[in-house]
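# Observations on the model geometry
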Amino acid sequence: MNYGILFLKIAAVFFCLILVLRILGKREVGELSIFDLVVLLIIADIAALGIDNDEFIIPSYFCVFILVVLQKILSLLLIKVAKFRNIIDGSPTTVVMDGKLLIKNMRKEHYTVDDLVSQMRIEHIMDLDEIKLAILETNGTLSIFRKERFNEIKLPVIMSGQIVKDSLKLLNWDQKQFEERLKKHNIAFKKIIYASLHRNTFYYYYRENKTDPELEGHILELI
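Each value, and the rule that gives it
- Residues numbered from 1 in each chain as written.
- Predicted model: local features only at pLDDT ≥ 70, side-chain atom pairs only at ≥ 80, totals over all residues.
- Heavy atoms only, no water.
- Pairing = 2+ DSSP bridges.
- Helix = DSSP H or I, 4+ residues; strand = E, 2+ residues; numbered from the N terminus.
- Polar contact = N/O pair within 3.5 Å; in protein donor to acceptor, adjacent residues only side chain to side chain.
- Salt bridge = Lys/Arg side-chain N within 4 Å of Asp/Glu carboxyl O.
- Buried < 20%, exposed > 50% of the residue type's maximum accessible area, 1.4 Å probe, protein only.
- Core = buried A, V, L, I, M, F, W, Y, C linked by side-chain atoms within 4.5 Å.
- Contact = heavy atoms within 4.5 Å.
- Phe/Tyr/Trp six-rings, centres within 6.5 Å; stacked < 30°, edge-to-face > 60°.
- Lys NZ or Arg CZ within 6 Å of the ring centre and 35° of its normal.

## Looking at the sheet that holds strand E1 (residues 93-97)
Strand order in the open sheet formed by 4 strands is E2-E1-E3-E4, and the pairing between neighbours is antiparallel. Because the sheet does not close on itself, it has two edges, and the strands there are strand E2 (100-101) and strand E4 (142-146). Strand direction decides the pairing type here: E1 and E2, joined by 2 bridges, are antiparallel. The partner of Met97 across the bridge, within E2, is Lys100.

Given below as structure tokens:
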């Protein structure tokens, strides 16, 4: 075995993977979506084949390049098409609200009470009654909002022109009623990039010109 050549192969793969991570624009594995993680695992396997087989070195780098290009194209689609993003990355799930476990949501995500308690300890939370809201993100992390800091619940109800049905249910709003209220105020939800709801108070960002560098927020009482 020529250890010098082996060292060069490993070094080349090492720097290639660093370059790929820089292109993907991610800092930590915990920030990766399922989609990005799958791409990285495939890239790692292909790179390993290049180390084991001299004839596969050039094809392996070509495969890595193709995967990176596909990842960037799909990432753009995920930004542009909200429904496609939900299919690939999934959507966040609320598992605790006002100190109460939402068991149905936990079962849907195969998220156990042990998992929840473990995350609570990491956040230095001793009991559920300290939690105002806990949301299981698409990358598996748990976002926790304490009661001592957040007295009221405000949730996103529209993102990229798509209604967030789960948020409406948690806020005890009927989707048909919600759409009728928006229509009453001449608001087309498909043109809203982001909106949140607190009781009857509707906060929204309505972009008419896609070239605007900044978006101004608006407030409306849905009555």
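## A closer look at helix H8 (residues 175-184)
Sitting at the head of H8, Asp174 places a side-chain oxygen 3.1 Å from the backbone nitrogen of Lys176. Just past H8, the residue Asn186 takes up positive phi, approximately 55°.

## Here we look at the pattern of salt bridges
As enumerated under the stated definition, the model contains 3 salt bridges in all. Residue Asp98 is joined to Lys132 by a salt bridge in which the shortest nitrogen-to-oxygen separation is 2.7 Å. Taken as a pair, Asp98 in the loop between E1 and E2 and Lys132 in strand E3 (residues 131-136) lie far apart in primary sequence, 34 residues in all. For Asp98, a relative accessible area of 34% puts it in the partly exposed group. Residues Arg199 and Glu152 are paired through a salt bridge, measuring 3.4 Å at the closest nitrogen-oxygen approach.

## Digging into the sheet that holds strand E9 (residues 217-221)
Picture the strands of a sheet paired through backbone hydrogen bonds; they go either parallel or antiparallel. Reading across from one edge, E6-E5-E7-E8-E9 is the order of the 5 strands in this open sheet, with antiparallel pairing throughout. Edge positions in the sheet fall to strand E6 (162-163) and E9, since each has one partner strand and no second. When strand E5 (residues 155-159) meets strand E7 (residues 192-198), the two strands line up antiparallel, connected through 4 bridges. In the sheet register, Leu155 faces E7, and the bridge partner there is Leu197.

## Quick notes on the nonpolar core
One finds Val157, Ile158, Phe178, Leu182, Leu197, Phe202 and Leu222 to be the most contacted residues of the largest nonpolar core, which totals 23 residues. Elements with a minimum of two residues in this core: E3, E5, helix H7 (165-170), H8, E7 and strand E8 (201-206). Those residues in contact with Val157 that lie beyond four places of it in its chain are Gln162, Ile163, Val164, Ser167, Leu168, Leu171, Phe178, Ala195, Ser196, Leu197 and Phe202. The next biggest cluster of nonpolar side chains, apart from the first, holds 13 residues, and it includes Met106, Met120, Ile125 and Ile144.

## Here's the deal with the side chain of Lys132
Judged by relative accessible area, Lys132 falls into the buried class, the value being 13%. Within the local environment of Lys132, its side chain forms a polar contact with the side chain of Asp98, the two groups lying 2.7 Å apart. Setting aside anything within four residues of it in sequence, one finds Lys132 in contact with Val96, Met97, Asp98, Phe145, Arg146, Lys147, Phe150, Asn151, Glu152 and Ile153.

## Things to note about the packing of aromatic side chains
This model, assessed by the stated rule, comprises 6 aromatic pairs. Each ring, one from Phe145 and one from Phe150, has its centre 5.3 Å from the other, and the planes form 85°; the classification is edge-to-face. What makes Phe145 partly exposed here is its relative accessible area of 29%. Taken together through their ring pairs, the aromatic side chains of Trp173, Phe178, Phe202, Tyr204 and Tyr206 make up a single cluster. Lys154 extends its terminal NZ or CZ atom over the ring of Tyr203, reaching a point 4.0 Å from the ring centre.

## Description of the pairing of E3
Most of E3 is tucked away: 6 of the 6 residues are buried. By the bridge criterion, 4 bridges tie E1 to E3 in an arrangement that is antiparallel. Residue pairing across strands places Thr93 opposite Leu136, the latter belonging to E3. Summarising the sheet, E3 and E4 pair through 5 bridges and their orientation is antiparallel. What sits directly across from Ile131, in E4, is Arg146. Following E3, the chain reverses through 5 residues before pairing antiparallel with E4; Gly140 in that reversal takes a positive phi of roughly 95°.

## A short note on the environment of Glu123
If you trace the backbone, Glu123 turns up in the loop between helix H6 (113-122) and E3. Residue class for Glu123 comes out partly exposed when judged on its relative accessible area of 36%. Sequence separation between Glu123 and Leu142 is 19 residues; the distance between their C-alpha atoms is 9.6 Å. Aside from chain neighbours lying at most four places away, what touches Glu123 is Ile144 and Arg146.

Keep in mind these numbers describe shape, not what the thing actually does.
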